[in-house]
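What follows is each chain in one-letter form.
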Amino acid sequence: MKNKENEKLQHVIEELKESGLFSGPIKDIVTEIAPLRKYLKPASLEVFEKIEKIAVVTNYNIPDKLSAAMAVSERLCTHISEIFIPENYKDRIFRSHNHRSAFTYLSYDEIYKKSDLVVVIGGDGVMLEAARRATASGIPILGINMGRVGYMTELEMNELDLLDNIFTEKFYLDERAMLKVDIRSSQGQSRFAAYALNEAVIAKGATARIIDFQLSDNGRLVSEYRADGIVVATP
């Protein structure tokens, strides 16, 4: 297992010993950790008692990621009979002769409502997008790295055999804290709402401009800033 995974696991073990769980709605699967099960609350494993519908999300227009998705799907098909694919890539998959009988093509909204698990293939960018979509329904996501860094993903493409551990409970759920961003008018009406996994940036726009901020906590003024933006990050 990679060094970053070993360091992370040691930290997680200590956290689990102390508290038994993490706080936050987003679930990230880490595989090949059977000894950790004694530190998990039973409810954490109940999510995976019946994994029947898994989505495979990536950019299928990129040949390498298309091939990777097919390899992941082949592995998953040894355990389940239905895999969800984003419907906007249906033509691409048929034209490349990669359609499988197990594939069901759905919109992203349907995928993040109906899936038992979402497997995300790519880098940190696609993981962040998947986290934003999955948090509303609390669907776990598993990242497979095909980016440059892949800090947020858990597996590499040469570790696809570890996907089998999903079906034998040799994993734990890593629950991440998230931010909810709600933009309201002066009358208190919500204009935009979204979730963020790492941070939210409040700024004038794409071009940096100095603006005045008031930072409040539950209606109490904390401080005032004159800056080109504020970054609010998870712990």
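Quick look at the structure, then. Numbering of residues starts from 1 in every chain and runs along the sequence as written. Residues qualify for local features only when their pLDDT is at least 70, as the model is predicted, and side-chain atom pairs are given and counted only at 80 or more; totals for whole chains, interfaces and linings, by contrast, use all residues. Water and hydrogen atoms play no part in the side-chain values, which are based on all heavy atoms of the structure.

Regarding the packing of aromatic side chains
Planes of paired rings set the category: under 30 degrees apart is stacked, over 60 is edge-to-face and the rest tilted, where pairs are Phe, Tyr or Trp rings (Trp by its six-membered ring) whose centres lie within 6.5 Å. The full count for this structure, using the stated rule, is three aromatic pairs. Relative to Tyr 89, the ring of Tyr 60 has its centre 5.2 Å away and its plane inclined at 45 degrees; by these criteria the two rings are tilted. Note that Tyr 60 is positioned in the loop between β2 (53–57) and α3 (63–76) and Tyr 89 in the loop between β3 (82–86) and α4 (90–95), a separation of 29 residues in sequence. There is no split in this pair, since Tyr 60 and Tyr 89 are both buried. Geometrically, the ring pair formed by Phe 94 and Tyr 105 is tilted, given 6.0 Å between the ring centres and 40 degrees between the ring planes. Within this pair, whereas Phe 94 is found in helix α4, its partner Tyr 105 is found in strand β4 (residues 103–106), the two being separated by 11 residues in sequence. By the ring-pair criterion, three or more aromatic residues cluster together here, those being Phe 94, Phe 103 and Tyr 105. The cationic tip of Arg 133 hangs over the ring face of Tyr 108; the distance from NZ or CZ to the ring centre is 4.5 Å. The numbering of helices and of strands both runs from the N terminus, where a helix is a DSSP run of H or I of at least 4 residues and a strand a run of E of at least 2. Any residue under 20% of the maximum accessible area for its type is buried, any over 50% is exposed, and the rest in between are partly exposed; the area is computed with a 1.4 Å probe on protein chains only. In this scheme, Lys NZ or Arg CZ marks a charge over a ring once it lies within 6 Å of the ring centre and within 35 degrees of the ring normal.

Structural notes on the nonpolar core
Only buried Ala, Val, Leu, Ile, Met, Phe, Trp, Tyr and Cys residues count toward a nonpolar core, and they belong to the same one when joined by side-chain atoms within 4.5 Å. Ranked by size, the top nonpolar core spans 27 residues in total, and within it Val 56, Tyr 60, Val 72, Leu 76 and Leu 163 carry the most contacts. If you list the elements that add at least two residues to this core, you get β2, α3, β3, β4, β5 (117–122) and β6 (141–145). Tallying contributions element by element places α3 first for this core, with six residues. In contact with Leu 76, not counting residues within four places along its chain, are Ile 54, Val 56, Ile 83, Val 119, Leu 163 and Phe 167. Val 120, Ala 131, Ile 141 and Met 152 belong to the second largest nonpolar core, which has 17 residues in total. Every residue pair with non-hydrogen atoms within 4.5 Å of one another is taken to be in contact.

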